[in-house]
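# Fold and geometry: a report
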Amino acid sequence: MGLITFFLLVLFAITSFYLGYFRSNRVRVIEKQRPFSLDKYYGYYLAIWSVVPAVIILFAILIFDGFIVKNYVLSEFYSQGIDQSEISLLFTQIENTRNGIKLFNSEDEIIVNAVNKLNYIEGIFDITSIITVFSVSSLFLLYGYRKINLNFDARLIVEKFILIGFFLCSLIAILVTVGIIFSLLYETVRFFSQVPILDFLFGTNWSPQRAFVRDAADAADIENAFGAVPLFSGTFLIAFIAMCVSIPVGLLTAIYMSEYAKSSVRNTAKPIIEILAGIPTVVYGFFAVITIAPFIRSLGGSIGLDVSSESALAAGLVMGIMIIPFVSSLSDDVISSVPQSLREGSYAMGATKSETIKKVIIPAALPGIIGSFLLAVSRAIGETMIVVMAAGLVANLTANPLEASTTITTQIVVILIGDQEFDSPKTMSAFALGLTLFVMTLILNFIALRVVKKYTEKYE
Amino acid sequence: MENKVKVCVENLNVHYGEKQALFDVCMDINQNEITALIGPSGCGKSTFLRCLNRMNDVIDICKVEGSIKIDGQNIYDKDIQVEKLRERVGMVFQKPNPFPKSIFENVAYGPRIHGLAKDKTELEEIVHTSLKKAAIFDEVKDRLDETGTSLSGGQQQRLCIARAISVNPDVILMDEPCSALDPIATAKIEALMEDLKKEYTIIIVTHSMQQAARVSKKTGFFHLGNLIEVNDTETIFSTPANDKTLDYVTGRFG
Amino acid sequence: MNSNSLKISNENLKRRLNAERRFKFYGVIAISLALIFVLILFTNIISKGYSAFYRTLIEIKIEFNDKVQPEMFKQMSDTEINKLDLYSFSKKNIYSNFPDIEKKSDKKKIIKLFSIEFEEEIKTYINKNKNNLGNKINLYISASDDIDQIHKGNYSRDIPEERRRVSNFQLSIYDELVGQNKVKFEFNLPFFSRGDSREAELAGLGGSLIGSFFTMIIVLLLSFPFGLFGAIYLEEFSKRNRFTDFIEININNLAAVPSIVFGLLGLGILLNTFELPRSTALVGGITLSLMTLPTIIIATRASLRSVPPSIREGALAVGASKVQTVMHHVVPLALPGSITGTIIGIARALGETAPLLLIGMVAFIVDVPSSPLDPSTSLPVQAYLWNDSAERAYEEKTSAAIIILLSFLILFNLIAVFIRRKFETKW
């Protein structure tokens, strides 16, 4: 039915277009004067009138019809006092029976009755909605048609409509942010109604699987199960290792590229390093598991160190490699925007290139460079796949990079992968972690973007 | 005999944000004449020109007060449609700016969006006449499909003129149309203007006083946002009423 | 001039020049390190994964008997043949290839040399050749994943037997088969067409390739038009005020939000609030397009901004309306930049894994999806799943999945570079 309606609407739109087009043409012939807009605009004008209101109504029907149908079919069950979860189960059963999936009680009389009721109401709904949609469409079409005359400027209205459409598109970015904040906050608030926020932020024991126990006697367990400090420490430990790799390598690469390298070197080496930025994180994760972790393990073993097979060090090193191009390209931009006059001034004093870089360029570019570091840190904190695959899944409060440790992102994945039950504090805790992550990265990005912007404005 | 007044500007004040660019400019521009606007850089003559087809609307911070009447109609009235206005008041810019499309498409664009041609032959007719009027048809008639940017600077500018007259405007504004051109191309365009004034009212902003003297019937002299003096070109260049004008036309400043 | 001072400055200069050389050397080291990382990563994955693109087959002979006659297949349709129970027939025939082996436990070990779907493979062969079957036929059927790995040399035979998945007895049989020239390699076509499987030799990328395809189509359909139109509005029509500044900050921040947060958004809003079907390419596509949107908007705005104002003025001056100016002149010129940005955004979405884990696109799915509403995985998720499997053969499969993924990304980026080179206008 959806497809038919769609094709009918398209057909309607095309017809209305030509209706408007020829109407305008007629006006031109009769009045011997050209109308205010081109013929095609009258066509668009009518097409908009005939389709847009109809589509809006169609969407409204789509959104509400499931709800109404369900209520109608289940109305008699509500009165019998069956509780909410059973009713929704019942409805799934009814739908399955209708779709031909046989279940143990599909022969029951109530179910059969309900299936009939469902078929009946859905049939009515389909017909009425098609009729409503197309009568509304025709009405608006008629209204638009009657407005067309010599002095009516269809172009203005069509353009206004296009602009409104564009404007709505530009609002999606805001909607996404609102959606993120809403979905995170909603679950987080519910989570904090069960687990005190201070326990979450400062507790040192993270074992959400224990929160399955629902006995009153184990209430204390729930409270002690959600201490996120080990996750924070793991996250920062791994991010720290990553920055130890990416900052020196990335910054030196950027300096060499912008100050020393010949253009031929620059033109080949730069894209190759940029490849690192385009490699999916799952590939890095695999690389960490299959190559780096065994390597570190055997290296540690040869000097008598016991390295866990999933170590913060392996994950951090690989993450560092991933972030190199990020640091290098951002710093490169910053360094290149330092004005030439500064360099010349320094050379004129007899300074060497490295002195100029160390004493003039880097201090001048410092705010921008720090901004790029902050962005890199935020990238490291939010990275998921490498740590999920290589860093370990069990919370472990340690500063030893050779041991396994877990991160915020890892725990979100561990909790939400596979089947979840919705109202458990375990599931909700993942959203609380998500909100924490969101806020942390938001602050870092915000500061970094401001610093970089201020810096580049200075030299413009 | 004096021609009929086509454009009548009264008490025009223009502000860019805090800065005022034009002060109480009043000026009448006659039909089928070339009027030149001269003055040192930044004196407001381009701003004035851009007011005449409301190109300043593009700039957010620009505020225009006063009235500009074309054939008695104030173009800053609320219900005026800028698109219609610009159909009647065409413009040629300082730097030739052909669209990166074919020569034909460049000229056909205006007639297309305004629906001036019923069919393809009519459209071709318009394009050809416009190109002929702009005295470039013979040079490009064999390569109407090439892009407009492939032409030389002078040809590009004449293409832009063809584009401007393709919608058959009443007034053509020219903002230093020859400043990016060599003398030969300049001469061609000046000859062209001489031709065009039979059909159109032309207002030209120019840096070159010789050019103003050569082509225009009347000349207005702008200084620091004020219209100092407007009169017959001969008078302006021989016996101007104002000392500033005299200093400028004799090359003592600017 | 004092010769002494000259000398001091000379030593000083030497020191400084050494420092200069050192500093330059650090830069060279840094760049080399970065390049070496790229090299190691690629060689590592390619060397581990290329062998998944071919597979091992073992030749066996089949003898038909009174119960299973070659003639009886002629009248049967394909589906009828597929419904036949030829399991014990096939098994006995495989045993009869090894007449020396009589112990029951050894026979079981023999069967384990072959793919678990040997019956299906024999049926497929019969189906293909049903009109010209002799009483005795020779055909190749797939080896089990362990034999496959041994034949490819990925699996060391030096491991002590008790820790090895292939027993000494099986190895001796295998060596015998190799000696008889009955083991061969073939291009692994099923790897690209089959869905996932718990049996390594049967597991293929087909399901995840189609899943990724559907997901990317949805990303393209949603993010490109919305991104383009939104960017056009912000760049060409919006007046600068607090609200548009807010939108702008918003977009820049969204571009830097960790991808997993988009997964939480998909889970919280799309699955739990709108009750869209879990594990499907539809939900995956919507989630990833929200993530791609800011990239496209930023790229499109940059390329709109680079269209010189003279183009706009030219169109406005002949009386085009603002909308006409933008749609007829500015947008066509900015489109290559916008498309390049879109391709790069989609390449990134193609490699994205974390958000898909949260919306259930990690289920173990055997069937190849036939629409965006079927449960499916995607290419990177498949790599993640296989990486989690203990069996040795999956390591090769993971690498192969990654090779395919990387090839697609390289292809996308080359297309983007091509478009940029071809259509870029310098103003």
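Residues numbered from 1 in each chain as written. Chains lettered and ligands numbered in written order. Predicted model: local features only at pLDDT ≥ 70, side-chain atom pairs only at ≥ 80, totals over all residues. Heavy atoms only, no water.

## Here's the deal with the overall build of chain B
- Scanning chain B for helices and strands turns up 10 helices and 10 strands.
- C-alpha atoms of chain B, sized along the principal axes, occupy 55 × 45 × 40 Å.
- Counting every position in chain B, which comprises 254 residues, the buried fraction comes to 55%.
- Taking the contacts inside chain B whose residues are at least 6 apart along the sequence as the reference set, 68% of them involve residues at least 24 apart. (Helix = DSSP H or I, 4+ residues; strand = E, 2+ residues; numbered from the N terminus. Buried < 20%, exposed > 50% of the residue type's maximum accessible area, 1.4 Å probe, protein only. Contact = heavy atoms within 4.5 Å.)

## Focus: a nonpolar patch on the surface
- Taken together, the side chains of L3(A), F6(A), F7(A), V10(A), I14(A), Y18(A) and F22(A) make up a nonpolar region of the molecular surface, amounting to roughly 740 Å² of accessible area.
- Assignment of secondary structure puts F6(A) in helix α1 (residues 2–31). (Patch = residues over 30% accessible without salt bridge, like charges linked within 9 Å, V, L, I, M, F, W, Y side chains within 5 Å. Areas by Shrake-Rupley, 256 points an atom, 1.4 Å probe, with all protein chains shown as cover. Salt bridge = Lys/Arg side-chain N within 4 Å of Asp/Glu carboxyl O.)

## Regarding the interface of chain C and chain A
- Taken together, the contact pairs 73 residues of chain C with 75 residues of chain A.
- A buried area of about 6500 Å², summed over both sides, lies between chain C and chain A, and 79% of it is on carbon and sulfur atoms.
- Summed over the shared surface of chain C and chain A, the number is 0 salt bridges.
- Viewed at the interface, chain A and chain C are joined by 8 residue pairs in polar contact (both at pLDDT 80 or more).
- Looking at the side of chain C that touches chain A, the element that brings in the most residues is helix α1 (residues 3–49) of chain C, giving 22 residues.
- Among the residues forming the side of chain C that touches chain A, the class breakdown is 52 nonpolar, 15 polar and 6 charged. (Buried area = accessible area lost by both parts, 1.4 Å probe. Polar contact = N/O pair within 3.5 Å; in protein donor to acceptor, adjacent residues only side chain to side chain. Nonpolar A, V, L, I, M, F, W, Y, C, P; charged D, E, K, R; others polar.)

## Some words on the state of the cysteines
Residue and element names in this part refer to chain B.
- Per the counting criterion, the structure on display carries 0 disulfides over all chains.
- C51 takes part in no disulfide bond, and the closest cysteine sulfur, belonging to C62, lies 6.0 Å away.
- For C62, a relative accessible area of 12% gives the class buried. (Disulfide = S-S within 2.5 Å.)

## Things to note about the side chain of T47(B)
- Within the secondary structure, T47(B) sits in helix α1 (residues 45–52).
- Residue classification places T47(B) among the buried residues on the basis of a relative accessible area of 11%.

## Some details on the pattern of salt bridges
- Enumeration over the complete set of coordinates arrives at 31 salt bridges over all chains.
- In this structure, R301(C) engages E248(C) in a salt bridge whose closest nitrogen and oxygen atoms are separated by 3.7 Å. Of this pair, R301(C) sits in helix α12 (residues 281–305) while E248(C) sits in helix α10 (residues 242–256); the two residues are 53 residues apart in sequence, bridging distant segments of the chain.
- Taking the relative accessible area as the measure of exposure, E248(C) reaches 26% and is therefore partly exposed.
- Salt bridges here are not isolated pairs; linked through shared partners, they connect K6(B), D71(B), R88(B) and D170(B).

## Some words on the interface of chain B and chain C
- Of the residues lining the interface, 21 residues belong to chain B; the matching set on chain C comes to 18 residues.
- When chain B packs against chain C, close to 1600 Å² is buried across both sides, 63% of that on carbon and sulfur atoms.
- Inspection of the chain B/chain C interface yields 1 salt bridge.
- A salt bridge links E313(C) to R50(B); the nearest nitrogen and oxygen atoms lie 2.9 Å apart.
- Counting every contact that joins chain B to chain C gives 5 residue pairs in polar contact (both at pLDDT 80 or more).
- Listing elements by their share of the side of chain B that touches chain C, those giving two or more residues are α2 (82–88), β6 (89–92) and α3 (103–114) of chain B.
- Broken down by element, the side of chain B that touches chain C gets its largest block of residues, 4 residues, from α3(B).
- Its residues assigned to classes, the side of chain B that touches chain C comprises 11 nonpolar, 4 polar and 6 charged.

## Overview of the nonpolar core
- Counting residues in each nonpolar core, the largest one holds 174 residues, and the members touching the most others are I180(A), M319(A), I412(A) and F262(C).
- The greatest single-element share of this core, amounting to 15 residues, is contributed by helix α8 (residues 229–260) of chain A.
- Ignoring anything within four residues of it in the chain, the contact list for I180(A) reads F438(A), L254(C), V261(C), F262(C) and L265(C).
- Counting 41 residues, the second-largest nonpolar core is a separate cluster that includes I38(B), A108(B), L144(B) and A162(B). (Core = buried A, V, L, I, M, F, W, Y, C linked by side-chain atoms within 4.5 Å.)

## Section: unusual backbone geometry
Residue and element names in this part refer to chain B.
- Although it is not a glycine, D71 adopts a positive phi angle of roughly 50°.
- Relative to the elements of secondary structure, D71 occurs in the loop between β4 (62–70) and β5 (73–74).
- Not every positive phi belongs to a glycine, and L224 is a case in point at roughly 50°.
- Tracing the backbone through its elements, the reader meets L224 in the loop between β9 (218–223) and β10 (226–232).

## Observations concerning the sheet that holds strand β3 (residues 183–187) of chain C
Residue and element names in this part refer to chain C.
- Spatial strand order, β2-β1-β3: 3 strands in an open sheet with antiparallel pairing. Each edge of the open sheet carries a strand with a single partner, namely β2 (136–142) and β3. The sheet shows a mean angle of 40° between the axes of neighbouring strands, direction not considered.
- Bridging between strand β1 (residues 54–63) and β3 involves 5 bridges; their strand directions are antiparallel. Bridge pairing in β3 links Y54 to F187.
- Helix α3 (residues 87–96) rests against β1 and β2 of the sheet, and its axis sits at about 95° to β1. (Pairing = 2+ DSSP bridges. Axes fitted to C-alpha atoms, helices over the stretch in contact; angles between N-to-C directions.)

## A closer look at the pairing of strand β2 (residues 19–30) of chain B
All names here are of chain B.
- Sheet topology places strand β1 (residues 5–16) next to β2; 8 bridges connect them, and they run antiparallel. Paired with H15 across the two strands is Q20, which belongs to β2.
- Linkage of β1 to β2, two consecutive antiparallel strands, is achieved through a turn of 2 residues, within which G17 is found at a positive phi near 60°.

## Looking at the domain arrangement of chain C
Residue and element names in this part refer to chain C.
- Considered domain by domain, chain C is made up of domain 1 (51–187) and domain 2 (206–423).
- Measuring from the centre of the C-alpha atoms in domain 1 to the corresponding centre in domain 2 gives 46 Å.
- Between domain 1 and domain 2, the residue contacts involve 10 residues of the former and 7 residues of the latter.
- Counting the surface lost from both domain 1 and domain 2, the interface buries some 710 Å², and carbon and sulfur atoms represent 60% of this.
- A per-residue breakdown of the area domain 1 buries against domain 2 is headed by A52, F53 and Q149, which together make up 56% of the total.
- Seen at the junction of domain 1 and domain 2, the total is 1 salt bridge.
- Taking the shortest distance from any N to any O, the salt bridge between K152 and E396 comes out at 3.2 Å.
- Where domain 1 touches domain 2, the interface holds 4 residue pairs in polar contact (both at pLDDT 80 or more).
- Grouping the amino acids of the side of domain 1 that touches domain 2 by side-chain chemistry returns 3 nonpolar, 3 polar and 4 charged. (Domains from an automatic or database assignment.)

## Quick notes on the environment of V307(A)
Residue and element names in this part refer to chain A.
- Tracing the backbone shows V307 in the loop between α10 (281–302) and α11 (312–336).
- In this structure the C-alpha to C-alpha distance between V307 and A293, which are 14 residues apart in sequence, comes to 9.0 Å.
- In contact with V307, not counting residues within four places along its chain, are I296, R297, G300 and L402.

## Concerning α10(A)
Residues and elements named next belong to chain A.
- Here α10 spans 30 Å end to end across 22 residues, near enough to the 32 Å set by a 1.5 Å rise per residue.
- Largest kink in α10: about 40°, centred on A288.
- Positive phi shows up at G304, right after α10, with a value of about 80°. (Expected span 1.5 Å × (residues − 1). Bend = angle between axes of the 7 residues up to and from the residue.)

## Some words on the sheet that holds strand β7 (residues 171–175) of chain B
Residues and elements named next belong to chain B.
- Taken together, the 6 strands give an open sheet; going across it, the order is β6-β7-β8-β3-β9-β10, and neighbouring strands pair in mixed fashion. Because the sheet does not close on itself, it has two edges, and the strands there are β6 and β10. Within the sheet, the average angular offset between the axes of one strand and its neighbour, ignoring direction, is 20°.
- Bridge count between β7 and strand β8 (residues 201–205): 5 bridges; the pairing is parallel. Bridged to I172 within β8 is I202.
- Helix-sheet contacts for helix α7 (residues 183–196) involve β3 (34–38), β7 and β8, and the interaxial angle to β8 is about 150°.

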